[in-house]
Amino acid sequence: MDVTPFLEKPSVPVVLIPCRLGGMKVLHRDYYFDHHIARGPIKHYRCVEHARLECPARIIVKDSRVYDVETHHNHKHDKSDPPKKADNKQIQPKLPKTLQPGVSANRLHRRVMRTPDNPDGKQRGKGGPSKAAPKRPTLSAAEIQATIPGTPVVYLASRFGSAKVELNEHHYVFHYASGGVAYYRCEQFKQLQCPAQIVAVAGKVHPLSNDHTHTVDTKRQEQVASRYTSA
């Protein structure tokens, strides 16, 4: 699609909305838009109701400016938070006639006996009892603001629409949120097992751990499409 005619129309500054799970949406004329595709420096967005209500509204973003492609919405705008995706209800599969309830294709489901090594009677693999998952740090927003110095948060948006936070030239990706506090970890936490972690509270970023296992490497960092600070 040739977008040149749309780029000649008036534009407005882009308003990016970070979501709870780390994605990014665009707020334009009181409507929310999801990232669709990217063609070089031009990103295409469509209304968040495009799947549920077949809304035809489309916009494009270039150089942090929003251009209208299709302005018509077939629904009313919602100034509240972006709609959440509906949970997919699992359908109970039907068992074949040759397979009776309680019997698998390989063996019977026998009761696991309680032993000193297995006091709760739960079935486990050969590795023995599973190790408990490490507890996530949960600090209140007041504790973080009172004990850890903070700086204004700088958000990054990749060309695929994902959200990041930049601190001291290092990039952090969203991990989880709890009690109004968003936790981010170094984007090299998988490849280089980097333990660095930060939190974002009320427009400021507070470092929990600055111990990086690597130096800043721009070649490893994902390409950044836009950069903005929290209002």
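Per an unreviewed UniProt entry, the protein chain goes by AGAP003439-PH-like protein and derives from Anopheles sinensis.

**Remarks on the pairing of strand E4 (residues 31-39)**
Along a regular strand, successive side chains alternate from one face of the sheet to the other. By the bridge criterion, 4 bridges tie strand E3 (residues 24-28) to E4 in an arrangement that is antiparallel. Considered in E4, the bridge of Leu-27 is made with Tyr-32. In textbook terms, the turn of a hairpin is the stretch between consecutive antiparallel strands, and for E3 and E4 this stretch comprises 2 residues, one of which, Arg-29, has a positive phi near 55°. Hairpin connection of E4 to strand E5 (residues 42-47): 2 residues between the antiparallel strands, including Gly-40 at a positive phi of 65°.

**A short note on the pattern of salt bridges**
Proximity of charged atoms lets side chains of opposite charge pair with each other. Summed over all chains, the structure comprises 4 salt bridges. Glu-49 is the salt-bridge partner of Arg-52, the closest N and O atoms lying 3.0 Å from each other. Classification of Glu-49 as buried rests on a relative accessible area of 9%. Taking the shortest distance from any N to any O, the salt bridge between Glu-187 and Lys-164 comes out at 2.7 Å. Of the two residues, Glu-187 is situated in the loop between strand E12 (181-186) and strand E13 (197-201) and Lys-164 in strand E10 (residues 163-167); the sequence distance between them amounts to 23 residues. In this pair, the class of Glu-187 matches that of Lys-164, namely buried.

**Things to note about unusual backbone geometry**
The phi angle at Asn-168 is positive, at roughly 55°, despite the residue not being glycine. Residue Gln-193 is not a glycine yet carries a positive backbone phi of 50°.

**Some remarks on the packing of aromatic side chains**
If you walk through the whole model with that rule in mind, you get 2 aromatic pairs. Taking the centre distance of 4.5 Å and the plane angle of 10° together, the rings of Tyr-176 and Tyr-183 count as stacked. Judged on exposure class, the residue Tyr-176 and its partner Tyr-183 are both buried. A cation over a ring is seen here: Arg-185 above Phe-189, with NZ or CZ 3.7 Å from the ring centre.

Here is what the cut-offs are and how they apply
- Residues numbered from 1 in each chain as written.
- Predicted model: local features only at pLDDT ≥ 70, side-chain atom pairs only at ≥ 80, totals over all residues.
- Heavy atoms only, no water.
- Pairing = 2+ DSSP bridges.
- Helix = DSSP H or I, 4+ residues; strand = E, 2+ residues; numbered from the N terminus.
- Salt bridge = Lys/Arg side-chain N within 4 Å of Asp/Glu carboxyl O.
- Buried < 20%, exposed > 50% of the residue type's maximum accessible area, 1.4 Å probe, protein only.
- Phe/Tyr/Trp six-rings, centres within 6.5 Å; stacked < 30°, edge-to-face > 60°.
- Lys NZ or Arg CZ within 6 Å of the ring centre and 35° of its normal.

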